[in-house]
Structures are given as C-alpha cells and as structure tokens.
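# Commentary on secondary and tertiary structure
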Amino acid sequence: MKELREKIEYLLQNSDGDKAIIESIRNETSAEPFGTESRMLAYLLSIGKISFEDYLAMSNEYNERVQKNSPFLYLFEMAPRTFGQMWGEQHIMQLFPQFTKATKQNLSRVYPSFDGEFDLWLDGIRIEVKACRANNTTKKGSLSSRAYSHEDAQRENFQYHFQQLKPSCCDVFVWIGVCKDILLYWVLTSVQLCQTGKLVSQHRREHTDSANEVFEGQVFMTEEELFPFSVEETDLLAKVKELI
C-alpha cells in the first residue's frame with residue numbers, strides 16, 4: 001500500500017488537478033471499496049492524468065506485491081462473522097482432514113450429547129478453534145488498511161484477543177494469530193488456559209468460580225505470553241494428540 005500511495009501522490013503533484021478537490025478527497029471519511037486511494041485513482045482518470053491501461057498496470061503491480069508480501073491480507077477483508085465462525089475451523093480441517101467438523105449428525109454415535117459446544121472432533125478430543133487478526137487499533141480506516149505484518153505486531157506488542165472461550169466445553173483450544181504475512185498457531189488444553197490467569201469474564205457479573213453451568217470468557221495475550229503454547233503448522237495435529 002505504501003508504494004501505491006507514493007505513486008498516487010507523485011501523480012497528483014505532477015498533475016493539473018484541482019487542489020481543493022484533492023484535499024477534500026484526502027480528508028473525507030471513506031470506506032472500502034471506495035477508499036481514499038480508489039477515489040484518488042478515479043480522479044486521476046477523470047482529469048486524464050492516467051489512462052485505463054495505466055490504471056490496470058498499477059492494479060496488477062499492487063496485487064502482485066500483496067500476493068508476495070501479504071498473502072493473508074484477504075483474511076482482513078472477511079466479514080467478522082465469516083472470519084470468526086467459519087474460516088478458522090475450515091482452515092484447520094484443510095490442513096489436517098483427520099479433524100471432523102462437530103455436528104450432531106457427525107457425532108451422533110460417538111458423542112450423542114453434542115449440542116454445538118465445540119468446533120472439531122479428533123479421536124475423542126473436543127476442540128475449539130479461535131482466530132484473531134493482528135491490526136492497528138489506534139488508527140481509523142478499513143481493517144485491511146490497518147493490518148499488521150508479523151514484525152509490526154511484535155514491535156507493537158500486539159495483544160491477541162480470543163473470546164467466547166468455554167473451557168468446560170472442550171479439551172483443547174487451537175488459536176490462530178493472523179498477520180498479513182504469516183499465520184501463528186498456539187495449542188493449549190482447557191486446564192492450561194485456566195492456569196494462565198489471563199481468562200476473564202466475557203459478560204458482566206460472571207466469575208470463573210460462579211455457579212453458572214457454562215462460564216464464557218476471553219483473553220488478551222501478547223505473542224510473548226503465548227509462546228509456551230506455540231506450535232509449527234506442520235506439528236499442529238501431533239500437538240493436539242500429545243496434550244490429551
């Protein structure tokens with residue numbers, strides 16, 4: 001994005017464009033797909049500073065850079081519900097088909113009491129999958145425009161936020177940290193989660209020692225705090241089996 005912005009700025013400075021219009025585009029609140037860069041490019045097209053062929057060339061160059069340097073940026077463009085409820089578990093099952101999607105139909109014989117309380121099943125192990133996208137929370141703009149690289153996340157000591165955690169309902173948690181250039185994985189048991197001391201209530205007036213049948217909590221943890229549970233992608237399946 002930095003290279004694209006610099007190129008757009010160079011074209012604007014060397015054009016006969018209306019400075020008032022350019023400044024208004026810079027200052028207006030915008031949202032994808034009509035973000036600031038898209039509006040600037042549309043304006044450059046409208047005043048004839050660039051041709052449609054130029055526009056396509058810039059678009060192709062940008063896409064190639066994104067694919068090379070930020071292969072997971074597309075995950076920041078997913079709707080929260082799609083990302084939070086679907087992508088993580090699908091990703092794990094694509095990596096390791098040995099995992100079974102937990103549904104009443106799939107578990108009718110081996111776990112007939114299943115009621116949607118966990119995501120995946122593996123040889124008697126109940127697994128909950130959570131994912132968090134690392135991004136700058138102090139800036140405005142689309143999530144993709146604020147996406148952190150792994151280096152950014154480490155430098156800013158980003159706290160990964162995993163929520164709707166129900167340790168009484170599963171045996172193992174698989175957590176995925178999503179940076180625009182890398183995926184990180186952590187695997188821990190429900191017992192280990194409680195032992196971190198980081199689990200806090202998701203809801204008001206709820207406590208880890210409450211009489212509620214199912215406690216639902218959340219954690220905010222840096223990569224350094226998560227390090228004891230870190231696992232390489234290729235070792236994820238073995239780690240889940242090893243913990244139980």
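Everything that follows concerns the structure shown earlier in this document.
First, a word on what this report is: a plain description of the structure on this page.

Analysis parameters
Residue numbers here run from 1 along each chain, matching the order of that chain's written sequence. Reporting in this predicted model follows two pLDDT cut-offs: at least 70 for local features of residues, and 80 or more for side-chain atom pairs to be given and counted; totals over whole chains, interfaces and linings ignore these cut-offs and use all residues. Hydrogens and waters are ignored; side-chain quantities use all the structure's heavy atoms. Runs of H or I in DSSP of at least four residues are treated as helices and runs of E of at least two as strands, each being numbered from the N terminus. Using C-alpha atoms as the atom set, the radius of gyration is obtained and then compared with a globule rule of 2.2 Å times the number of residues to the power 0.38. Type-normalised accessible area, obtained with a 1.4 Å probe on protein chains alone, sets the label of each residue: buried when under 20%, exposed when over 50%, and partly exposed for intermediate values. Two residues form a contact once any of their heavy atoms are found within 4.5 Å. Computed with the Shrake-Rupley method and a 1.4 Å probe, the accessible areas treat only the protein chains shown as cover for residues. Here the positive residues are Lys and Arg and the negative ones are Asp and Glu; neither His nor the chain ends is included. Charged side chains are reduced to one point each, which is NZ for Lys, CZ for Arg, CG for Asp and CD for Glu. For this quantity, the arc is that covered by the directions from the helix axis to the C-beta atoms. We call a set of buried Ala, Val, Leu, Ile, Met, Phe, Trp, Tyr and Cys residues a nonpolar core when their side-chain atoms join them within 4.5 Å. The criterion for strand pairing is that DSSP finds at least two bridges linking the strands in question. Inter-axis angles, ranging from 0 to 180 degrees, are taken between N-to-C directions of lines fitted to C-alpha atoms, where helices are fitted over the stretch in contact. It is the rotation of the near helix from the far one that decides the hand of a crossing: anticlockwise by less than a right angle makes it left-handed, clockwise makes it right-handed. Under the convention adopted here, Pro, Cys and the residues Ala, Val, Leu, Ile, Met, Phe, Trp and Tyr are nonpolar, Asp, Glu, Lys and Arg are charged, and Gly plus all remaining residues are polar. By salt bridge we mean one thing: a side-chain nitrogen of Lys or Arg within 4 Å of a carboxyl oxygen of Asp or Glu.

## Structural notes on the overall build of the protein chain
Helices and strands together make up the secondary structure of the protein chain, namely 9 helices and 8 strands. By the compact-globule yardstick of 18 Å for 244 residues, the protein chain is too spread out, its C-alpha radius of gyration being 22 Å. Taking the principal axes of its C-alpha atoms as reference, the protein chain extends roughly 70 × 40 × 30 Å. The proportion of buried residues among the 244 residues of the protein chain is 41%. Considering only contacts within the protein chain whose residues lie at least 6 apart along the sequence, 61% involve residues at least 24 apart. Here the protein chain has roughly 14500 Å² of accessible surface; of this, 48% comes from carbon and sulfur atoms. Considering the protein chain, the positive charge centre built from 27 side chains and the negative charge centre built from 36 side chains are found 3 Å apart.

## A short note on helix H9 (residues 236-243)
Looking only at H9, the buried set comprises Leu236, Leu237 and Val240. Along the axis of H9, the buried residues cluster in a sector spanning 105°; they form a single face. The elements touched by buried residues of H9 are helix H5 (80-95), strand E2 (120-122), strand E3 (125-133), strand E5 (172-178) and strand E6 (183-189).

## Re the environment of Ala153
Counting through the fold element by element, Ala153 comes out in helix H6 (residues 150-155). Along the primary structure Ala153 and Cys169 are separated by 16 residues, whereas in three dimensions their C-alpha atoms are 31 Å apart. With residues near it in sequence (within four places) discarded, Ala153 still touches Ala134, Tyr148, Phe158, Tyr160 and Cys179.

## Regarding unusual backbone geometry
Within the chain, Asp123 stands out as a residue other than glycine whose phi angle is a positive 50°. Relative to the helices and strands, Asp123 resides in the loop between E2 and E3. In this model, Asn157 sits at a positive phi of 55°, which is unusual for a non-glycine residue. Mapped onto the fold, Asn157 is located in the loop between H6 and strand E4 (159-165). Looking at Asn157, the relative accessible area reads 45%, which means it is partly exposed.

## Points about the nonpolar core
Counting residues in each nonpolar core, the largest one holds 39 residues, and the members touching the most others are Ile92, Phe99, Ile127, Leu236 and Val240. Excluding its chain neighbours within four sequence positions, the residues that come into contact with Leu236 are Ile92, Phe96, Phe99, Val174, Tyr185, Val187 and Val231. Counting 28 residues, the second-largest nonpolar core is a separate cluster that includes Ala102, Tyr111, Phe158 and Phe229.

## A few points about the sheet that holds E5
Pairing is mixed across the open sheet formed by 5 strands, whose spatial order is E1-E2-E3-E5-E6. Edge positions in the sheet fall to strand E1 (100-101) and E6, since each has one partner strand and no second. Here 3 bridges tie E2 to E3, and the two strands are oriented antiparallel to one another. Bridged to Trp121 within E3 is Arg126. The strands touched by H5 within the sheet are E1, E2, E3, E5 and E6, with E3 carrying the most contacts at an inclination of about 125°. Taken strand by strand, H9 contacts E2, E3, E5 and E6, and its axis lies near 10° from that of E6.

## Notes on the sheet that holds E4
Read across the open sheet, the 3 strands follow the order E4-E8-E7; overall the sheet is antiparallel. This sheet does not close on itself; its edge strands, each paired only once, are E4 and strand E7 (200-201). Pairing analysis gives 5 bridges linking E4 to strand E8 (residues 217-222), with the strands arranged antiparallel. Within the sheet, the bridge partner assigned to Gln159 lies in E8 and is Thr222.

## As for the packing of helix H1 (residues 2-13) against helix H3 (residues 36-46)
Following both chains from N to C, one finds H1 and H3 inclined at 35°, their axes separated by 11 Å at the closest point. Crossing hand, H1 versus H3: left-handed. When H1 is examined against H3, the residues Arg5, Ile8, Leu11 and Leu12 are found in contact with a partner set consisting of Glu37, Met40, Leu41, Tyr43 and Leu44. Among the residues forming the contact of H1 with H3, the class breakdown is 7 nonpolar, no polar and 2 charged.

## Side note on the pattern of salt bridges
Think of it this way: side chains of opposite charge can pair up when their charged atoms draw near. In this structure the tally under the stated criterion is 14 salt bridges. Here Arg126 and Asp171 are joined by a salt bridge, their closest N and O atoms 3.1 Å apart. One end of the pair, Arg126, is in strand E3; the other, Asp171, is in the loop between E4 and E5, with 45 residues separating them in the sequence. In this structure Arg126 comes out as buried when scored by relative accessible area, which is 17%. Between Glu156 and Arg155 there is a salt bridge, with its nearest N and O atoms 3.7 Å apart. Glu156 gets classed as partly exposed once you look at its relative accessible area, which sits at 45%. Counted as one network, the salt bridges with shared partners bring together Glu9, Glu23 and Arg26.

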